[in-house]
Every structure is written in C-alpha cells, then in structure tokens.
Amino acid sequence: MARALKLAEVERIPILGTESIVCGFHLVDYIWTDIFSSLPAASTYVLITDTNLAKLYLSQYQESFQVAWAHHNQASAAPRLLTHVLPPGELSKSRATKSAIEDWMFSEKCTRDTMVLALGGGVIGDLVGYVAATFMRGVGFIQIPTSLLAMVDSSIGGKTAVDTPAGKNLVGAFWQPKRIYMDMAVLSTLPPREFSNGMAEVIKTAAIWDSAEFDVLESSSVEIRRAVLSGTQDGDAGLTLATRSAEQTLLQRVIAASARVKAYVVTHDERESGMRGLLNFGHTIGHAIEAILSPQVLHGECVAVGCVLEAEVARRMGHLSEVGVARLVRCLRAYGLPTTMDDPLIRGLASSEQLAEVRPQRLMDVMGVDKKTVGTQKRLVVLKQLGATLELKPTNVSDALILEVISAGVLVKPVDDGAVAETVVVPPGSKSISNRALQLAALGKGVCRLRNLLHSDDTQVMMAALQAMGGCEFAWEDGGDTLVVTGGGGALHTPATELYLGNAGTAARFLTTTVNLINSGGESTVLTGNARMKLRPCAPLVDALRANGCTIDYCEKQGSLPLRVSHSGGRGFPGGRIQLAASVSSQYVSSILLCAPYAQEPVRLELVGGKVISQPYIDMTLAMMAQFGCHVQRISETEYLVPLGAYENPAEYVVESDASSATYPLAFAAITGRQCTVPNIGSASLQGDARFAVDVLRPMGCTVEQTATSTTVRGPPRGQLQALGDIDMEPMTDAFLTASVLAAVAPGNGGVTRIRGIANQHVKECDRIQAMCTELARFGVTAVNHADGIDVHARSIDELTRATPSVHCYDDHRVAMSFSVLACVAPGGAELRERRCVGKTWPQWWDVLARDLGAPIAGADPQAEHAEAESVKVSSPSVVVVGMRGAGKSTLSKAAASALGLTFVDMDEYLEQQVGQTIPEIIASEGGWPAFRAHESRLLAQALTKDFATGAIIACGGGVVEAPDNRTLLQRHMSSNGAVICLTPNMDQVAEFLSRDKTRPAYAAGDARDVYERRKPLYKDASNYEMLVDARLPGAWPKIEQEFVRLVSFASGRDCNRVDLAHSSYFVSLTAKDVGEYLENGRLAAVTAGAHAVELRADLLAAIDEEDVLAKVQWQFAMLRHATSLPVVFTVRTVAQGGAFRGSDAQRLSILHAAIRWGAEYVDVEVDTHAAALYAARRNSLIIASHHDPTGQQLRWSQCEFTTEILHRARACGDIVKLISFANQWSDNMDCLEFTRRRHSQETPLIALNMGYEGQMSRVLCPVLTPVTHPLLAAKAAPGQISVQQINVARATAGLLPARKMALCGTPIQHSPSPAMHNAAFSALGLPHVYGLFETAEASELADLFAAPEFGGASVTIPLKQSVISLLDQLTPAARRIGAVNTVIPAGGKLLGDNTDYLGIVGCLRRSQVTAFPKATALVVGAGGTSRAALYALYTLGIGSVMVYNRTAQRANELVAEFSELFTSLVAISDLAAIESPDYVVGTIPASDLVYPDSLFAKVGVALDMAYKPRWTPLLESANRHGWSVVPGVDVLIEQGIHQLEKWTHLTAPTKIMADAVYTKYNADN
Ligand SMILES: NC(=O)c1ccc[n+]([C@@H]2O[C@H](COP(=O)([O-])OP(=O)(O)OC[C@H]3O[C@@H](n4cnc5c(N)ncnc54)[C@H](O)[C@@H]3O)[C@@H](O)[C@H]2O)c1
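Residues numbered from 1 in each chain as written. Predicted model: local features only at pLDDT ≥ 70, side-chain atom pairs only at ≥ 80, totals over all residues. Heavy atoms only, no water.

A few points about the site of the ligand
Near the ligand there are 26 residues, and of these Asp 50, Glu 90, Lys 93, Ser 147 and Thr 189 occur at the shortest range. Protein chains bury 88% of the 860 Å² of accessible surface belonging to the ligand in isolation. Counting only elements with at least two residues in the shell around the ligand, the list comes to helix 2 (51-72), helix 4 (122-134), helix 5 (148-154), strand 8 (167-174) and helix 6 (192-209). Looking at the shell around the ligand residue by residue, the classes come out as eight nonpolar, nine polar and nine charged. (Near = heavy atom within 4 Å. Areas by Shrake-Rupley, 256 points an atom, 1.4 Å probe, with all protein chains shown as cover. Helix = DSSP H or I, 4+ residues; strand = E, 2+ residues; numbered from the N terminus. Nonpolar A, V, L, I, M, F, W, Y, C, P; charged D, E, K, R; others polar.)

Structure below.
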C-alpha cells in the first residue's frame, strides 16, 4: 500500500477568472493530486528542470507521482512521467535548447495530450512555457516556480520566451499556464543572492501598489529572511496551518500579496496596454543598467538601483517626498540589494570596462530602444508615495529630467537677476538632534511622533539597531513624514545577530552605552562596523564603562570596534560615580548621559582629562533629556548628576532643521539678492551654526530677521556683498565653506575675508580648506590656505571666469552645496562633478535648488580627473617623528622636509620659542621636569591641531612618549589618518652620539639604554610606522636618508610607490635565506631586471625560525630597502600554503602587521579569518589577498562556485586578489585566462594563474603583478615559475608583444654606444625590439620615422634637442622647463617629449653624494643646451645655491635670468679663480683647453662631466688630482639611457647589462 499523502493546506489566488495560483509549503503531493483530480487527463507528463533543482527535488517529484496516482486511481496504470534536466543559467534559454527539447519529446512520442511542467526559476519557466506554447501548436503547461523571482514575477502572466543574439526575450509567446504552484519550502535551498534578487520585485510591487504591504516588508526583513532559512530545519514545518510558524505565515503573506498584485494587473490588462506598465517601476532605468552589467549583476540588483533612481525622478518632479525615497532605499538594503551604482556589490561583480560603460547618455540610448518606450517619449512609473503611483499607467517624463537624475554630476547655471522672490525652505532635520531623539523616544515610555527626522545612514543604522534590541516599535504615518515611536521604557533584549553600524559614528558611540542596558535574552552583544569604523577610536568611553563595572571586550584591535558587551557575567550598567575623559569627543559624554537614567544607581558623571570638547553638543543632550522629562543637575563645570527613572515621551517632537544645511538656502538669498526663510531655526537653537545668519550674513550686508524659532535673510542687490575682514568661525566651523563662497564675490569693505578658528576643517571628509582654495581658483578667485583658516580675496561677479568651471567636490557634501550657491551667480555657472555626495545630509538639495529656488539645473557627465582630486586629499595631516634622542630625528626630518617641500618643526625649538626659556632653564626652574612635560603636552596639542596640523614634519623630543597625555595626542593624530614614525636606533651608536652631545640635559635617571628599554613599548604604542636607523646597513647614511624620505612620502600618502598596473607588471620572488646574499656585485639589480616589485618571502629567511624573529626580519627588510627602491611585496607563507613558515597564526599575523608598520607597499595574506583584520589595519599598504590550491582540484576556473566564493571573500579583504591554482592539463590555462578576462577589474585587480610546468602559459597571460623568478636565483618560489625574459619571448612568439623600432636621432652619432646599450637590454629582457641609428640634422626628416606603426621611441641628441619639439604632441613638465627633449615616447597614439639627461645627472650625483644637497653649493660650467638640464637636475636635488660659468658671459647671464626662480641664489660668474670652492661641479661643454684653477677644488667635492670623449676630460683630471670624486660622462649616458629604456618598455632596466655593453663598445673605440 502506498504511503499516506501529505496534502498541504494552501491558499489560492485568482488570475484571469480562475483560482489557478496555489501557495503553500511542501506542495509535492498536493501538486500531483490536484493535477490528477482537477485537470484534464494527459497521457504523458513531461517535467523539465535544471541540474540544481534535479539534485534537490527530482526524486521527490518522481516518487510522489506514483504515490499520488495510486491514491487517485488504483484501477489503471499510471501515465508516463518523463523528465528532462538542463544546465542551469540564462544560456539554456536559447532557441537551440528549445529545439533540443522538442526533438527529445518527438523521440519520446509525445502527443497533443501531453502536459508539460516547468520546475525551476524564470529561465526554466520561460523556456519550457515557450516549448509548451508551440509544441504541436500548444500543449498543457504547468509552472512550478522555485525561485522567488519566478514566484512573484515570471511564472505569472503567461509571457514565455527565449533569448537570441539580438537580445533577451525577443522570441516568444503568451501562453497561460493551467496552474502555478508556489512551494515556499523550496526557497530554503535558493542561494541568498537569488532570494534578494526576487525581493527586488516584491519590494517594487509593494511600492507601486500597497503601502501596508510595504510597511510589513520594511519592518520584517529579519523575520522574512529567517523564515526562508527555517524551512531546512524541520521536514514538514508549514505543511498545515497548525505547523506553520509565524515567520512562515509572514513569508507566505508577502509572497502571495505580491503575486496577487501581478495576477490582478495581468487579469485586467493581459496584453500590456496600460496598467501592466505599472509593474515596470524601476525597470526602465534598471533594464538599461542590466543591458550593460548582465550577467555579472542580476536582474533584481539592477532593478533595485533602477527603483531608487526612478523614485528620485518622482522626488525631483515634486511628487514623492525624500522620506519615501529614503525608506525605499532602506528597505532594499535590508534585503541585501544594492541601491546605487557605487554599491560595493556592483563594483565587486562588474568588470571595470562594464562600469566605465554605465554613463548617463549610454543609459538614455538603451532606454530609447526599450520595448516599452513609445516613440521617442520616455515613460516612467512615477510614485506619489510608497504604495501609490501618480497615474494608473506610466507617466511621460522629459529626457532632461531623467538625465539629470542618473548623471554623476550636475550643471548649475546662474539664476536670472529679476524680481525679488521670496521662498521658504525647510532643510532636513539635524543629524545630532535626530539621533538623540531616536534614542530618547526608544528608551522612553509611551508614544512619540517624531517629525522632520533626518533620513541618513546614521539615523537608519540607529533605528535598525534600536529595533534589533526590541527596545521599541517604529511605524510611519503621513506617507512616512512622521515616525511613530512606541518606546519600550528601557526594556531591551539581546539582538539576534551582531549590530552592524557601518560607518555611523554617532550611532556607534551612543549605542556603546545603550547595549549595556540589555536586560533579557542571550549572553552578549557584538557592536561592529565597516573597515573605516574599525579604525575610529572609542577607548575613553569603553574605559569609563569598564571602570564602572560593565563587561566589554575588544574583538579585534584594542581601542576600536568591534566590541563584545557581556550581559551575563557583568552587572549591566551599574551607574554611580563615573569618570570619563572628554577631551576627544563629546559623543562619549552624551552616550553616558542618555543612558544614565536607566543605570542601577544615579549616575554622577565627572569629566576629566583636560578641556571638554564641544560643550554645545553636551548642552544639546541635556536640553533634549529635559524635553523628555529628565532633568540633569550640573554640579560643577565638569560634573553632572543624573536622576534615575524612565523618559516620558512627549506626544510630538519636531526635530529642528540642520543649521549647517540651512546656511545654503540662506546664502543663496544673500548671493542672489533674494529672500529666504528657514522657519524652524532661530536664536533659541542649540546648534552653533544657527548663528550664521546674524554673525556672517548680516555683516556681509544682508537684512536678517531672526525670532527664537525662525530666520529670514534678504540679500543686498546682486554684487554688493561686503567682505568680512577678520572673522573667527570656531563656533560654526562647518559653515566656513558657505562663508567662503560668499566672500569670493564680496568685493565691498576691502574685499578680503580672513576666516580663522577652523583648523579642524583640514581633516574632515577632505582637506576642506585646501579644497576651497583649489576650487575657488577655478572661478578666478584667489584664496590662501592657512593652518587654522583661509583668506579669500574677492572679485566682482563680472570678473569671475566666463567659462563653466568643473568643480571637484571631493565626495564632500558641504563642498558641493557651497559651490552650487556660487554657481547661481557665476557668469558660466558651474559643473559640480559629484552630484550624489549631498546624500550625506541633504539628498534632495538639487530638487530644492531647482524647484524651490529656481536655479537652472541639468545633468552633467564629467570625465574622471583623479590625480587632481588626490592632491587635495593628501595635503594630509603632518608627519610626526619620535624616537630616542640621537636616533637622527632632526637630521632625517630636515632632509625629508626639504625633499618633499614640508615645513620642518623641531618640537624642542618650538617649545623654547613659545615658552621663552631654554629647555635646561625650564628644567632647572622650580617646576623641574614636570613643568617641562606640561609645556610639551600643551604645545604638542597646539602644534598638531593648530599651528602645524598639515604640511609639516614634526620631530619630537625623545621623552615625548613618557606622558600619557602625549601618547593620547599622538594616537588621536594617528586615528585621524596622521602618521607617527618611530625611529628604531642602534643603541651603541646612540650612546656614542650622546656622549658627544652636550647641548641637551642629561637623562634624569639611568643610562640611555635603560631608558630606551623602558620606553620601547611606549614608542610602539604611540606610533604607526617604524624605521631602522643603523649605520651598519649597506649604503649607511645617505641610504638611510633616502629611505626615510620614501617612508614619509609613503606614510603621508604623497607617493605610495605603487606599481603602475596599466601595463604588464611583474614581481620577482627572492628565495635566499639572507638578503645579504644579494648585496654583493649588484646582484639584486640583476635579479630585479624587468620586475616592478620585489617579493620578500619572509618564510624562506633563516631568521624566521630564530629568537627575536621580528627584529631579525626587520633587519632583512631594511637591508632590502637599502638595496633597491622597488616596492616590496611582503609575504609569509605557511607550509599548508606552499611556504615554509611553521609558527603559529598569531606569529604570522604579528609579522604581517609589522610589515605594514615598516611601510611595505604590498602585504600578501592568505584569505582566512585573520585577513580582514590585516586589511582594516593596512593604512597605505595594499593587501594582496591570496588563495593557493597546490592541487588544482578545488580552485577551478570554469563554473566553480568555490572559486567565485573565494574571489568574493578575497575582494572583501584585499586591494588586489591573487588566486593560484595548479594546472593538471594545458587547457586549464585557457580557462584561467577566460576567468581573468571576466573577473579582472581596476578596483580590485586580479592575479590568477596556475602553478606547475603545464601552467606556465597562465603566467605568460597573467595581466598584472605576475610573480617571476630570475636565472640568477638559486631556487624558484613556486613550481613552474618563469622569468620576465621567458615571458616576453613567449608573448612575442604568441603575437602578444609586437616588435618595435627605436632609434637615436641627431648627428654625428656613428660612434654612439646607445645602440649597443639598448639592444643588450632588449635581449636580456626577451623583448623583440631593435634600436638603430637615424642620422640627420633636420627635425623634419624624423616625421616618417615617428609616424611608422612600429615606432617604439627615440633618443634625441644634438642638434635636434630643441627643434624636435615641433613634431611632438606633448612635453613632460621637466622637458618643458628645461626647454629641450632627449627622449621621445609614443603613448596612446600621441608623441610625448621627455628629458632624461637631467635624471642621469640626478642619479649619478645622488650615488656619489658628499654633502647634504640643501646645504651644498654647485658650479655649472657652460651655458648651452646641456647646462639647462644640469640646472634642472641641481634644482631637483634641492641645491639652493648655484653658479654658472661660461666663456661668453652674455649666454651665462641669459641662462641665469631664465632659471633664477628655481634657486635661492643663481649667479653668473666670470672668473673661476675668484670663487670659493663649491661642493659639486658639473661640466656641460665639450672637452676643451679650459683651465680649472686649484682653488676650485679646495674643499672635498664631486665633479661630473657630461662630455665623455676623452674619458679623462680636463675637468675630471683636475678634480681627480685634488682627491675629488669624479663622475665620467659615460656613467651619465648609461643612467639617462636606463631611464629612457624604462619609459619605453615599462620594465625595470637590466642596469648592469646596459653598463657592460656601453663600456665594451667605449673601451673598444677609445
Ligand atoms: N516571463 C516573465 O514575465 C519574466 C519576468 C521576469 C523575469 N523573467 C525571466 O526569468 C529569468 C530569471 O529567473 P530567475 O531569477 O529565477 O533565474 P534562474 O531561473 O536562472 O534561477 C536562478 C538560479 O537559482 C537556482 N534555483 C532556482 N530555484 C532554486 C531553489 N529553490 N533551490 C536552489 N536553487 C534554485 C537555479 O538553478 C538558478 O541557478 C530571466 O531569464 C528573465 O528573463 C521572465
């Protein structure tokens, strides 16, 4: 007897007049029973599915088929059930598959009475439906949708189709299924991303149709997701109503509701003539995006972005409120969907080519050919509110409006200067007040209606967290304009998952205390955030709470999120006396105050640790607590007493508008001469920026009327604003940008505005002060950047540039909004490059500006201009240097300051100067050492935050780290992206130095060595970079200096020494046990030829197994640094990963973290649970996230979920991804290539290759950072590793590296060693290029050579160095300044002129440096073309004082006049005997009989002669005779040739081979 049937309890939904949609859980038995009993009988049932589903469900369907038939009709044999399984994915939805199915059905002798069943997602449904529609002119068809998308969308409506090369769904038919069975239980096996994909349709449907449904989706995301998972836990849960959990009921409700809407619309408009178009919400723009990003990005993901953009169109048209848009965004995100093109999900999935293609005009073009477009008129579904559309069909929308919304930039044109308009603008709620109000109302008792709440990431995060703790209930009213909070009175329970706070600082701070109030549920709660959040400090707050008895642990880095707060062992929030350091953030104070009424004892909060920061925000908290019924007593300046008791929620609370935002509409009135009122900010406001109207606009000449709660501003007639003179904007720092744009066009009252008190603005979203200077300059306005302010020199509006400036906003909302105000009067308006950045505080600003204020606005699509934007970001915080006295802090800092154009600050000198006493005097005075330390702390704070906050290098006293206050200051500097470099000395050398140095007081106690041992951990604690200073290192002091300059550039982000990944790039893996092995005979230079970086495989070092491993590895690292300037890839690979490291994970990580501290440019880490922490701590290092599969079994390149999964995980914790498999057959290389081609992106470049002999080809084809070996290395780092030479030979043979022709142009050139030099290099690198001679005296004769397709570059010599310029498209800055070209580089179809002569001189002089360049003097002999390069070289080296000697004084004088601006002193001299001996002499004339007087060589110096015939020129001979170092001209020739070669080939030159080739030829000729 057959088993009993399990017949599910189902819900039916009508469509086209019959109830043929069936929903429930575990439907299989029900489906067959229903088919047999209520549909016409069929002779054959054909069930078609894909392999994913066959694996999971096919046998169940087959078994049930027999059982159900047995129950249905015992008398006769069961009809046939045929099954057919296809590969999953869109590719199956083809004409070919359709024919194959049909042929198969014919072969199985299927007849007209066949019933076809589609079990699967939309692909199976569409394809199988189309088969059913056409097989024998149509057979019965049943849909069993298994993906969420198929349930709510594709299975309903009867549309069936296949794809063709011309496009998706272009061939198909309408064919209604007899039944649609939705078995919700199968959703448990649906991949989560596919579930989200379907949710996009569910959310879309609710958004157009049903506000109540939208509310449910919005508030129940956690439950709905849980319901999907719960199906796997219990076999039959949900089969009947009795066994159905609340969550399952909810899941069915939302899916059925969505399906019902689609069914209703289909019923009323089956053939899509009107209403059905409503379902297209989000699809018009979404489809256009999908057309470019598919298949990497899924349909629903594109639709999600489309929904947001189309909602923004509705907002822009004035139909939908910002709240509506924000809620839609929040809801989509809650289901894991992207909401902008910048979403990491999209960036991570799409290739960079695809992303580059998503430009507004392209999207418009795609929309134009959309099947749903009527004529040229675009139609969008316009939302009126969530749950309702403007019309019951799509609405006509102008192209301009759509273009504006989808554009990255915005063009603002001047408003006309007509009649005086009056406007009322209500800016969004203040963020600070919104967050406080949410927290108060959630903890309070009763219902509170919050109005004008800000919808931002911060508040959204706050709401989600409060909800997750069950602290309260949220509901929306008035279409979402009002948030109804039902407070929980302080009852909180442990959230189901960790609380993820993104980068929402305020929420993180506030919730850190709140979580301690949790009084029911699980044992602990984790608070975490994104990588940036994990760098932000929270230690003072955590310290205070811990001291109070709360149990809080740091999960990763000490002092930052993630935190684990324990609810079991600890005592909740004890309260009583709490001490808190409040000099860093007032949010800590507010956090404790807000929760204090719910502590176990009344809180007495005492603020310690110096001046309390941002008191106004604390006052705001106190005032708002009072509004919620809790009156805090302020006992003294720094002490507060908080009574116990729950907050009493007021019935309504209106959040005050954000006063910083309000400055923009008010400034608009001021600048245009109009009138604007902000009705809910006035003199009683708690926000500092509320004073802007009175303190800034009134003095500028505006009429300001302010009541306690409102502000009205009327501007003077256009062009008549008054400059402010000196103004301190400390109380309203964020408003300085608004003031600056007004000041730019305020010529009255002297025309100069000097704003001060805003030093913090250097380190906001960007360096705002620098940003304002740079961007104002685009309008023709001069502004000067100061440490704590800005000077703006006004112009009249007529004098502003008439062009339309393109303004960078640095992704900073305030920069964007300020310049939009200026654009309203600037003659050409302005293009603001990043439109979306205003979303941070005022997403609808552009709508307000266009609609309410009447500014003409259009979309703009600016081309990227990264380099420039970067330069503002990197006028970064000053670099601080700490370390023992005598370690070299001042000397090195001075050198770095001069090399990098920074201000050098010696803290000791600064202190003496500020205090007016010498340090020995201070110490000898009454206060002694403590007085000195007090001064030190105060002035360190002053230097870091005010006087030298940016653009300086600050060398501190050795003992600076002794005082905890100072360490806090340094840590704060680090946490705001500042670098603190610790110099680690060789104590023998320091002791020796100190014994000679009597200028500073001796140590108070003990000898230097003890002091150092004690301070070591303190230095470590207070620094984030470290450098070894040890004279025993190769190259000693000059190298140490160069390495320090490099580290400062790196740490401050000036130059991170990164490999240019635009061309093929390689790193050579060093495999010796000791870096010392490479130091002899330039071996390292030989080994690194062709490579762009060098890998230090720390696991292969002998030191790795020794005691004190960190110090020893550091020594090896430092040696490598001294031997090469190439970037270092630092790697520690374990045995399991194919390496040799046998230590613990903790040891491995400590070494990797140390590498970041030492400034390694790249750190390679295997993707595992620790990689994320390293990534979060990487600062300017780049993380290569690797995965190695030494077998090639697991990491497969085609159709492998494991590989995709690893790729995604690696992208989440790496800047570069490296996937290494093993080739078991040659074709694995092609799969690898195909994988790379699809997955490589500029955002996260991908290194993918196969190990093993058969995998060599994958190394040839790898596009970036291919690891290579070199014949001179004793061992390879991995099996199958080959050299750059081998790779190039293979690439040339395979047709991937065409041969180029290079030539030396000029005359006479027959004896030049250049061909020998370059051809030797080409052959060493395996390049197929050839370098020849092109002798001519006429530049015009070079034209054909340069135009030839195989032209690869030219060296240019006399007499063409100047005349060649006319043939070139572009010059480098150096060539332009020098006025001569010696190198021609073809690039991107253009010819670039460069000059490497000067680089040759620079390189040679650096190597033989005798005196520090800034202090040195130099003499240039000659005044011809080469002397120009010589002068530029001396300038590059930083030599300030130079003399020029030439036989004809006239030419020397001309040269001096032309170059004098580059030097402190540049003079022409007429008598070599009359000058003091210089440190450097550079000869630039052909060897002649010029006599060099002995007096010229009185000092010790270096002579360099550009002439190389004869070898011993008179200059070199005389210099040599006096014991000078000499640099012969051939060496400069080689050096400049090396630079040329590298510029042509983008490979590191084989320097020794080039030099040998030159000398061989040279020696033979001479
Ligand atoms: N006919 C229409 O009106 C209509 C509407 C929208 C979309 N579509 C079409 O639908 C297709 C997309 O549908 P889709 O998103 O369902 O894609 P899909 O059919 O490719 O399914 C997605 C993936 O999930 C797997 N899967 C499905 N259900 C599963 C389950 N329960 N457990 C485990 N794995 C499961 C599938 O094997 C597949 O790998 C597109 O071709 C699109 O054109 C048609």
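Here the narrative resumes, following the displayed structure.
Topic: empty space enclosed by the protein
This structure, assessed with the given rule, holds 10 cavities of 30 Å³ or more. In this structure, the largest cavity encloses a volume near 80 Å³. What lines the largest cavity is simply Glu 1026, Met 1027, Leu 1028, Leu 1033, Glu 1043, Leu 1047, Gln 1114, Phe 1117, Ala 1118, Arg 1121, His 1122 and Trp 1158. Secondary structure elements with two or more residues in the lining of the largest cavity: strand 42 (1025-1029), helix 37 (1036-1051) and helix 39 (1109-1123). Among the residues forming the lining of the largest cavity, the class breakdown is seven nonpolar, two polar and three charged. (1 Å grid on protein atoms, 1.4 Å probe; cavity = no way out; pocket = protein on both sides within 12 Å on 5 of 7 lines; lining within 4 Å. Points joined across faces, edges and corners; volume = space filled by probe spheres on them.)

Section: the UniProt feature "domain: 3-dehydroquinate synthase N-terminal" (unreviewed entry) in the protein chain
In the UniProt entry, the feature "domain: 3-dehydroquinate synthase N-terminal" (unreviewed entry) is given for residues 85-196. Along residues 85-196 one finds 34% helix and 30% strand; the C-alpha atoms at either end are 25 Å apart. (UniProt positions renumbered as here; feature names shortened; annotations may be inferred.)

A word on the sheet that holds strand 27 (residues 652-654)
Read across the open sheet, the four strands follow the order 17-18-16-27; overall the sheet is mixed. Of all the strands in the sheet, the pair left with one neighbour each is strand 17 (472-477) and strand 27. Across the sheet, the mean angle from the axis of one strand to that of its neighbour is 25 degrees, orientation sign disregarded. Here strand 16 (residues 445-451) pairs with strand 18 (residues 482-488) via seven bridges, running antiparallel. When the bridges of strand 18 are listed, Leu 450 appears paired with Leu 483. (Pairing = 2+ DSSP bridges. Axes fitted to C-alpha atoms, helices over the stretch in contact; angles between N-to-C directions.)

Things to note about a nonpolar patch on the surface
The grouping of Trp 1226, Met 1230 and Leu 1233 at the surface amounts to a nonpolar patch, some 270 Å² of accessible area in total. Along the chain, the position of Trp 1226 falls in the loop between strand 48 (1216-1222) and helix 43 (1228-1239). For Trp 1226, a relative accessible area of 46% gives the class partly exposed. (Patch = residues over 30% accessible without salt bridge, like charges linked within 9 Å, V, L, I, M, F, W, Y side chains within 5 Å. Salt bridge = Lys/Arg side-chain N within 4 Å of Asp/Glu carboxyl O. Buried < 20%, exposed > 50% of the residue type's maximum accessible area, 1.4 Å probe, protein only.)

Focus: unusual backbone geometry
The step from Thr 1307 to Pro 1308 runs through a cis peptide bond, and the omega angle for that step is 0 degrees. One can find Pro 1308 in the loop between strand 51 (1301-1306) and helix 46 (1314-1325). In the Ramachandran plot, Leu 16 falls in the positive-phi region, its phi being about 45 degrees despite a non-glycine side chain. Tracing the backbone through its elements, the reader meets Leu 16 in the loop between strand 1 (11-15) and strand 2 (18-24). The class for Leu 16 is partly exposed, based on a relative accessible area of 33%.

Brief notes about helix 34 (residues 964-975)
Taking 1.5 Å as the rise per residue, helix 34 with 12 residues should run 16 Å; its terminal C-alpha atoms sit 16 Å apart, in good agreement. The set of residues buried in helix 34 consists of Asn 966, Arg 967, Leu 969, Leu 970, His 973 and Met 974. Mapping the buried residues of helix 34 onto a view down its axis gives an arc of 160 degrees, with all of them on the same face. Turned more than 90 degrees away from the buried face of helix 34, the exposed residues are Pro 964 and Asp 965. Those residues of helix 34 that are buried are in contact with strand 38 (879-883), helix 33 (928-947), strand 41 (979-985) and helix 36 (1008-1021). (Expected span 1.5 Å × (residues − 1). Arc of directions from axis to C-beta. Contact = heavy atoms within 4.5 Å.)

Quick word on the side chain of Lys 1361
Relative to the elements of secondary structure, Lys 1361 occurs in the loop between strand 53 (1351-1356) and strand 54 (1370-1371). Engagement of the side chain of Lys 1361 in a polar contact is seen with the side chain of Asp 1397, the distance being 2.7 Å. Setting aside its immediate chain neighbours within four residues, Lys 1361 contacts Val 1356, Ala 1380, Val 1381, Asn 1382 and Asp 1397. (Polar contact = N/O pair within 3.5 Å; in protein donor to acceptor, adjacent residues only side chain to side chain.)

A closer look at the pairing of strand 40 (residues 952-955)
It is a general feature of regular strands that their side chains alternate between the two faces of the sheet. Side chains Ala 952 and Ile 954 project from strand 40 onto one buried face, and the interleaved Ile 953 and Ala 955 project onto a second face that is buried too. Judged from the three bridges that link them, strand 38 and strand 40 form a sheet pairing that is parallel. Along strand 40, the bridge assignment pairs Val 881 with Ala 955.

Structural notes on the packing of helix 15 (residues 360-368) against helix 16 (residues 399-406)
In a packed pair of helices, the relevant descriptors are the angle between the two axes and the axis-to-axis distance. Running from amino to carboxyl end, helix 15 crosses helix 16 at an angle of 135 degrees, the nearest separation of the two axes being 9 Å. Comparing the axis directions of helix 15 and helix 16 gives the class oblique. Judged by the twist between their axes, the crossing of helix 15 over helix 16 is right-handed. Within the contact between the two elements, helix 15 uses Pro 360, Gln 361, Leu 363, Met 364 and Met 367 and helix 16 uses Asp 399, Ile 402, Leu 403 and Ile 406. Within the contact of helix 15 with helix 16, the residues separate by chemical class into seven nonpolar, one polar and one charged. (Parallel < 35°, antiparallel > 145°, perpendicular 65-115°, else oblique. Left-handed = near helix turned anticlockwise from the far one by under 90°.)

Brief notes about the packing of helix 17 (residues 431-443) against helix 22 (residues 615-627)
Packing of helix 17 against helix 22 leaves a shortest axis separation of 11 Å and a crossing angle of 40 degrees. The orientation of helix 17 with respect to helix 22, classified from their angle, is oblique. Considering the relative orientation of helix 17 and helix 22, their crossing is right-handed. Contact with helix 17, carried on its side by Ser 432, Ile 433, Arg 436, Ala 437 and Leu 440, involves Tyr 617, Met 620, Thr 621, Met 624 and Met 625 of helix 22 and no other residues of that element. Per-class residue counts for the contact of helix 17 with helix 22 are seven nonpolar, two polar and one charged.

Description of the pattern of salt bridges
On inspection of all chains with the given rule, the structure shows 79 salt bridges. Across the pair Arg 604 and Glu 639 runs a salt bridge, and its minimum N-O distance is 3.0 Å. Of this pair, Arg 604 sits in strand 24 (residues 601-608) while Glu 639 sits in strand 26 (residues 639-642), and the two are 35 residues apart along the sequence. Judged by relative accessible area, Arg 604 falls into the partly exposed class, the value being 34%. Exposure remark for Glu 639: the relative accessible area of 16% places this residue in the buried category. Among the ionic pairs, Glu 1013 bridges to Lys 1016, the shortest N-O distance being 3.7 Å. Of this pair, Glu 1013 and Lys 1016 are both found in helix 36, three residues apart, which corresponds to roughly one turn of the helix.

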